[in-house]
Amino acid sequence: MRLFHAARARLRLLFARRAAEARMDEEFRFHLDMEADRLARAEGLAPAEARRRAVVAFGLAERHRDAMRDGRGLAWLGGLSLDLKLGFRMLVKYPGLTIVGGLAMAFAICVGAVVFETVRLFLAPALPLPQGDRIVHLRNWDVEANRKEPRALHDLQVWRQAMRSVTDLGAWQDVTRNLVGRDGEARPLRIAAITASGFRVAATPPLLGRAVVPADERADAPPVVVLGHEVWRLRFAGDSGVVGRTIQLGDAYATVVGVMPSGFAFPVTHDAWMPLRPEAPDAAPRAGPAVTMFGRLAPGATLDDARAELAVLGRRAAREQPATHRHLQPQVMPYAQMFGGAKSAAETGLVVVLTQVFTLMLLVLVCGNVALLLFARAATRESEIVVRSALGASRRRIVLQLFAEALVLGGVAAAAGLGAAHLVLRHWGLGFVKANFADVPFWFDPRLSPATALYAGVLTVLGAAIAGGLPGRKVTRDIGTGLRSGTSGGGARFGGVWTAVIVAQVAVTVAFPGIVMVEAREQQRVRSYDVGFAADEYLAVRLDLEAPPSASPAAHRARFATLVETLRQRVAAEPGVVGVTFADRLPRTNYDDHAVALDEAAPAASSSASRFTKVALVDPSYFGVLGAPILAGRGFRAADAAGDARVVVVDQGFVDRVLQGRNPIGRRVRLGEGGVAPDGPGADSLPWLEIVGLVRDLGMIGAAETTRGIGLYRPAAPGDGFAPQMVIHTQGEPMALVPRVRALAAAVDPTLRVVEPQRLDGVADDLLWMMGMWLRTTLTMTGIALLLSLSGIYAVLTYTVARRTREIGVRVALGAPRRTVVAAIFRRPLTQVGLGIAGGAALIAVGAHVLARTYQFQHWPRGFSLGQVALLVGYAAGMLGVCLLACVVPTRRALRVQPMTAMRVE
Amino acid sequence: MPTRSPSDALRGSLDLLVLKTLSLQPMHGWGIAQRVQQISDGALEVNQGSLYPALQRLEQAGLVASEWGTTDHNRRARYYSLTAAGRRALGAEVESWRRFAAGLEAVLRTS
């Protein structure tokens, strides 16, 4: 309480300066009036005389005023603003320190801000919708199978009627339909079949027309669709007359009733919306289509209320419908946590703390270095500090001054760091998320938030406390000594900690290129991988067909196969198309691994033979269209795709790794399937497959994998036997053919979808992008570490030389050769850099050893090649040279010391 | 109590007198000055104005609080009152003053 009173009084006096002055004047006036009245009454004085006596008794008003102003702490405030001003002057006066220290602090703050923002994005995502924090996701969790139970139409109805804490309960279902434009081109559209309540929950009015309304949900209502802004802009040229028009969606038609505003993609990342019309609205429990449920917390209700209410409903359902609901546990959570996120605030806190520990360590390391620089600077200003101290400045005052200087530096660095963080988040943040997750929900928007800026501010103050406070304390600790011994000699010294920091940094700087080398080598490997054919001449698109709910799977597959065949003929007839073929996967993507068994009585003696192979299903024309010659035996024939021809073609990797070089032709193999091992119990149910041909390696290995590709091809009919990727060999730019393929597909059947068009050489682009990002990050970190080590060495040396001016002068005066003087100066930095390089080399050796034991890198050549060793040695020598370069300026300064000047210093 | 040097006895006794005065009832500056002068019977000859820096100091230390009020004659005045911390400090200060005075008394008696 006392602290509270005191703080309030101080703050009021400090900040309401004008009010405090007015209060003081009023109190003085009141006092004089009262006293004059008293004197006039008690002693019968004339008013003027009474006034005069009162003023005399009061004493000098101006002196009391000054005493009160001093007491208000304005003097302290004036001091701080002076310190800040001085800090800015220091920035300009020592540009080298400003650039190095500022850059390093900016880097630490940038990393801290990006990490914080990313963590925030994942753990505490916020919906950019009105009152988005009150939107919830509901689901049934099957505790027995440990997965969600999405067939929830029945429960949706029950909950809708029973729940009071959640309003506007609704659900949506993902639907993908081809939108056939006026140009005849069909593009798949991601549509949400959603209850009308979805638009009430999202609370976003449409840009044009109307949203989905409850009347649309009736089974006999005319089909309607609401378009997203992007679709409206790109496919309908932003035509405001689109409302009321009928458009073709797959093989059905729907009337456009509205257009949503830009950025609206509720429920996840949808392009358009249709009313949710389940075939049977009164679905039986745990039956019907898979839907996702949502709702909005009722006014005044909390998430805990909803949890409690839902728990009661869950228990009742388990009691009344044990057959279906015994193991179902209803759950409700903030909507944005549907795709993960922390379960509780405690978990969020824990992850934030864990990630911030890394940031703080980086900040401490970086600011420790900046502290070193500031310390060296403060040490050269020691006489100034000693004089100030002698003039009565308290130790706290001097430390505060150094803190203010660091704060100014940190402030500039924070501005730069936040700017960089903004760029990183805008340019790479979304790319990073997209490269790692298939669907990026609309609320995933990496950008600088006010919370992050605030966090950066805290980091800055903390950094300034380290960078300014530490040297301040160290410098002021020895002021007494400084006062006694004059302006030089004695005083602070660099301790073992600083030496250790510098050595560790040099070690890291040396070791980082090892990491860069590994990363660059991986990138180079992925980029230059020889896929065995001219991948840049091929276009790949995935084909898909909407399954009508009524059709049997077999009939659907047969129809798909017919459509695929028709499309193949039409595409093949296009000018510029050399050939068309199909496969279930594209080269360099992730194929399925299958166990393989050979028909030999005695299996391969060597245990190093692989027992696994990747398997691809291909159209018989596959090798022909890819231009891959058959090295032995024969390729596939059209008849092989029929299904009962049990023939396969293997690649060179299969021969080398599974057969260990033996002739494959005529040999029989079995593939493990559906959990049945090819050489275990039940293997007799698996067919024997005869190897009829051999091809070269054609990328039967994921781009990220480093092992040798091992591949086996089985013939199958596209559409019927597998979901096909259509591979088109073109003359000229493959991507130019995409619109034509879409149009042809729409003409064949409006429900035939053409998705993910890409050039075959672009399969690894996402991976390369990620690798590039990591490489850049590592390079930046290496650069910062290098810069910090150099500046640290420079600072220590400058400081040492400044300290030893007299000693050097005496040595030179006594005729010591320059070489001896230089050696004496260089001994320390040389030792540090030498130790650092040795430490770095050890780190690389350990790292390489560990790496070679991991699965990913097990096939890398052991140890380093001669060239790589030479490269690393060269780099180490370069490091040494650059470090010594940092010593040149201070050394020259030392050698210029004139004996007379040095003596006069005393 | 606010930190002060031991030699600053006058200032210290002024603080003590102000606290003592306010322990009876909340009062404005002039009233405090009158009261102090009455109690000390004019023995403490200080400028009345030096009361105000002392009051500000005590307020910053959280020992007294102040607010605007009106006097009997309907004039606006700043009224000071003792906080709980001020009451505790007064007790401690009175105690130490008594010890000091008793010690001094003992010394004077022996001589």
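Going along each chain's sequence as written, the residues are numbered from 1 onward. Labels follow written order: the first chain is A, the first ligand is 1, and so on. Selection of residues for local features in this predicted model requires a pLDDT of at least 70, selection of side-chain atom pairs for listing and counting requires 80 or more, and totals for whole chains, interfaces and linings are taken over all residues.

Caption draft 1: Layout of the overall build of chain A. Helix and strand content of chain A: 26 helices and 22 strands. The 906 residues of chain A split such that 38% are buried. The long-range fraction of contacts in chain A, counting pairs at least 24 apart against all pairs at least 6 apart in sequence, stands at 81%. Labels follow the DSSP assignment, with helices taken as runs of H or I lasting at least four residues and strands as runs of E lasting at least two, numbered in each case from the N terminus. Field definition: a residue is buried when 20 or more other C-beta atoms are found within 10 Å of its C-beta, exposed when 12 or fewer are, and partly exposed for counts in between, with C-beta atoms placed from the backbone. In this description, a residue-residue contact is defined by the distance between C-beta atoms placed from the backbone, which must lie within 7 Å.

Caption draft 2: Focus on the overall build of chain B. Helix and strand counts for chain B come out as four helices and three strands. Listing the helices and strands of chain B from first to last along the sequence gives α-β-α-α-β-β-α. The proportion of buried residues among the 111 residues of chain B is 32%. Look at the contacts in chain B between residues 6 or more apart in sequence, and 48% of them connect residues 24 or more apart.

Caption draft 3: The arrangement of unusual backbone geometry in detail. Residues and elements named next belong to chain A. Along the chain, Phe-266 connects to Pro-267 via a cis peptide bond; the corresponding omega equals 5°. Of note, Pro-267 is situated in the loop between strand 8 (252-259) and strand 9 (272-275). We note that Asn-146 has phi near 55°; this positive angle belongs to a residue other than glycine. One can find Asn-146 in the loop between strand 1 (135-142) and strand 2 (147-149). Backbone geometry places Arg-286, a non-glycine residue, at a positive phi of 55°. Take Arg-286: it is sitting in the loop between strand 9 and strand 10 (292-297). Using a count of 19 C-beta atoms within 10 Å as the deciding quantity, one classes Arg-286 as partly exposed.

Caption draft 4: Geometry of helix 2 (residues 29-40) of chain B. All names here are of chain B. Helix length check: helix 2, at 12 residues, gives a terminal C-alpha distance of 17 Å against a target of 16 Å (1.5 Å per residue), a fit within 8%. Those residues of helix 2 lying buried are Gly-29, Trp-30, Ile-32 and Ala-33. What you see down the axis of helix 2 is that its buried residues fit within an arc of 160°, all on one side. The positive-phi residue at the C-terminal boundary of helix 2 is Asp-41, with phi of around 55°. What a helix is expected to span follows from its residue count: subtract one and scale by 1.5 Å. By construction, the arc corresponds to the directions joining the helix axis to the C-beta atoms.

Caption draft 5: Inspection of the interface of chain A and chain B at higher detail. With 21 residues of chain A at the contact, the number on the chain B side is 21 residues. Only Asp, Glu, Lys and Arg are considered charged in this grouping, and only Ala, Val, Leu, Ile, Met, Phe, Trp, Tyr, Cys and Pro are considered nonpolar; every other residue, Gly among them, is considered polar. Considered class by class, the residues forming the side of chain A that touches chain B number 11 nonpolar, five polar and five charged.

Caption draft 6: A look at the sheet that holds strand 3 (residues 76-82) of chain B. Residues and elements named next belong to chain B. The strand order across the open sheet built from three strands is 1-3-2, with neighbouring strands paired in antiparallel fashion. Because the sheet does not close on itself, it has two edges, and the strands there are strand 1 (27-28) and strand 2 (64-70). Strand pairing is defined by DSSP finding a minimum of two bridges between the two strands. For strand 2 and strand 3, the ladder comprises seven bridges, and the chain directions are antiparallel. Residue Ser-66 lies in a different strand from strand 3, and its bridge partner there is Tyr-80. Packing of helix 3 (residues 51-60) onto the sheet brings it into contact with strand 2 and strand 3, and relative to strand 2 it is tilted by some 120°. Helix axes are fitted to C-alpha atoms over the stretch in contact, other axes to C-alpha atoms as well, and angles between N-to-C directions run from 0 to 180 degrees.

Caption draft 7: Region of interest: the pairing of strand 7 (residues 246-249) of chain A. Residue and element names in this part refer to chain A. Side chains Ile-247 and Leu-249 of strand 7 all project onto a buried face; the interleaved residues Thr-246 and Gln-248 project onto a face where none is buried. Here strand 3 (residues 166-180) runs beside strand 7; their pairing, made up of two bridges, is antiparallel. By the bridge assignment, Val-180 is partnered in strand 7 with Gln-248. Here four bridges tie strand 7 to strand 8, and the two strands are oriented antiparallel to one another. Directly across from Gln-248, in strand 8, lies its bridge partner Tyr-253. Counting the residues between successive antiparallel strands, the hairpin from strand 7 to strand 8 contains two residues, one of them, Gly-250, with a positive phi of roughly 65°.

Caption draft 8: Broad picture of the environment of Phe294(A). Within the secondary structure layout, Phe294(A) lies in strand 10. Excluding its chain neighbours within four sequence positions, the residues that come into contact with Phe294(A) are Ile135(A), Val136(A), His137(A), Gly170(A), Gly198(A), Val201(A), Pro267(A) and Tyr335(A).

Caption draft 9: Molecular detail of the pairing of strand 3 of chain A. Residue and element names in this part refer to chain A. In terms of burial, strand 3 is largely enclosed, as 11 of its 15 residues are buried. When strand 3 meets strand 4 (residues 186-194), the two strands line up antiparallel, connected through nine bridges. Along strand 4, the bridge assignment pairs Arg-177 with Leu-189. Adjacent in sequence and paired antiparallel, strand 3 and strand 4 are bridged by five residues, among which Gly-184 carries a positive phi angle near 85°.

Caption draft 10: Representation of the nonpolar core within the structure. Remark: nonpolar core denotes a set of buried Ala, Val, Leu, Ile, Met, Phe, Trp, Tyr and Cys residues whose joining runs through C-beta atoms within 7 Å. Membership of the largest hydrophobic core comes to 119 residues, with the highest contact counts inside it found for Val136(A), Val225(A), Val226(A), Trp273(A), Val727(A) and Ala745(A). Not counting residues within four places of it along the chain, the set of residues in contact with Val727(A) comprises Tyr538(A), Ala540(A), Thr581(A), Phe582(A), Ala583(A), Val625(A) and Leu760(A).

Caption draft 11: Main features of the packing of helix 18 (residues 553-572) of chain A against helix 21 (residues 738-748) of chain A. All names here are of chain A. Interaxial distance between helix 18 and helix 21 falls to 10 Å at its minimum, and their mutual angle equals 135°. On the basis of their axis angle, the class for helix 18 and helix 21 is oblique. Viewed along their axes, helix 18 and helix 21 form a crossing whose handedness is right-handed. Of the residues in helix 21, those in contact with Leu-563, Thr-566, Leu-567, Arg-570 and Val-571 of helix 18 are Val-741, Leu-744, Ala-745 and Val-748. Here the residues of the contact of helix 18 with helix 21 sort into seven nonpolar, one polar and one charged. Roughly parallel means an angle under 35 degrees; roughly antiparallel means over 145; roughly perpendicular covers 65 to 115; every other angle is labelled oblique. Working rule for handedness: look at the near helix, and if it is turned counterclockwise from the far one by less than a right angle, call the crossing left-handed; if clockwise, right-handed.

Caption draft 12: Layout of helix 2 (residues 17-43) of chain A. Its 27 residues give helix 2 of chain A an end-to-end C-alpha distance of 39 Å, which sits within 8% of 39 Å, the value for a rise of 1.5 Å per residue. Buried within helix 2 of chain A we find Met24(A), Glu27(A), His31(A), Leu32(A), Met34(A), Glu35(A), Ala36(A) and Leu39(A). Structurally, helix 2 of chain A contributes buried residues whose contacts are with helix 3 (47-58) and helix 4 (61-71) of chain A together with helix 2, helix 3 and strand 3 of chain B. Residue Gly44(A) follows helix 2 of chain A closely and has a positive phi angle near 65°.

Caption draft 13: Highlighting the confidence of the model for chain A. pLDDT expresses how confident the predictor is about each individual residue, on a scale running from 0 to 100. Across chain A, pLDDT averages 82, with 89% of residues at or above 70. Low pLDDT (under 50) marks residues 486-492 of chain A, which in the prediction has 20 contacts with non-local residues, meaning those over four places away or in another chain.

Caption draft 14: How the structure looks around the confidence of the model for chain B. Residue and element names in this part refer to chain B. Overall, the prediction assigns chain B a mean pLDDT of 80, with 84% of residues at 70 or greater. Averaged over each element, pLDDT in chain B is lowest for helix 1 (residues 9-24) (78) and highest for strand 3 (91). Low pLDDT, under 50, characterises residues 1-8; the predicted model gives this stretch seven contacts beyond four residues in sequence or across chains. Both confidence scores are given for the complex: pTM 0.65, ipTM 0.87.

Caption draft 15: Structural view of the environment of Val510(A). Residues and elements named next belong to chain A. Inspection of the secondary structure puts Val-510 in helix 17 (residues 496-528). Separated by 331 residues in sequence, Val-510 and Ala-841 have C-alpha atoms that sit 7.1 Å apart. Once you skip the residues sitting within four places of it in the chain, Val-510 turns out to touch Gly-836, Ile-837, Gly-840, Ala-841, Ala-876 and Met-879.

Caption draft 16: Just the packing of helix 2 of chain A against helix 3 of chain A, in detail. Residues and elements named next belong to chain A. Close contact between helix 2 and helix 3 brings their axes to 8 Å; oriented N to C, the two are set at 125°. As summarised for this structure, helix 2 and helix 3 are arranged oblique, according to the angle between their axes. Like other packed secondary-structure pairs, helix 2 and helix 3 cross with a definite hand, here right-handed. In this structure, helix 2 uses His-31, Leu-32, Glu-35, Ala-36, Leu-39 and Ala-40 to contact helix 3, whose residues at the interface are Pro-47, Ala-50, Arg-51, Arg-53, Ala-54, Val-55, Ala-57 and Phe-58. Grouping the constituent residues of the contact of helix 2 with helix 3 by class yields 10 nonpolar, one polar and three charged.

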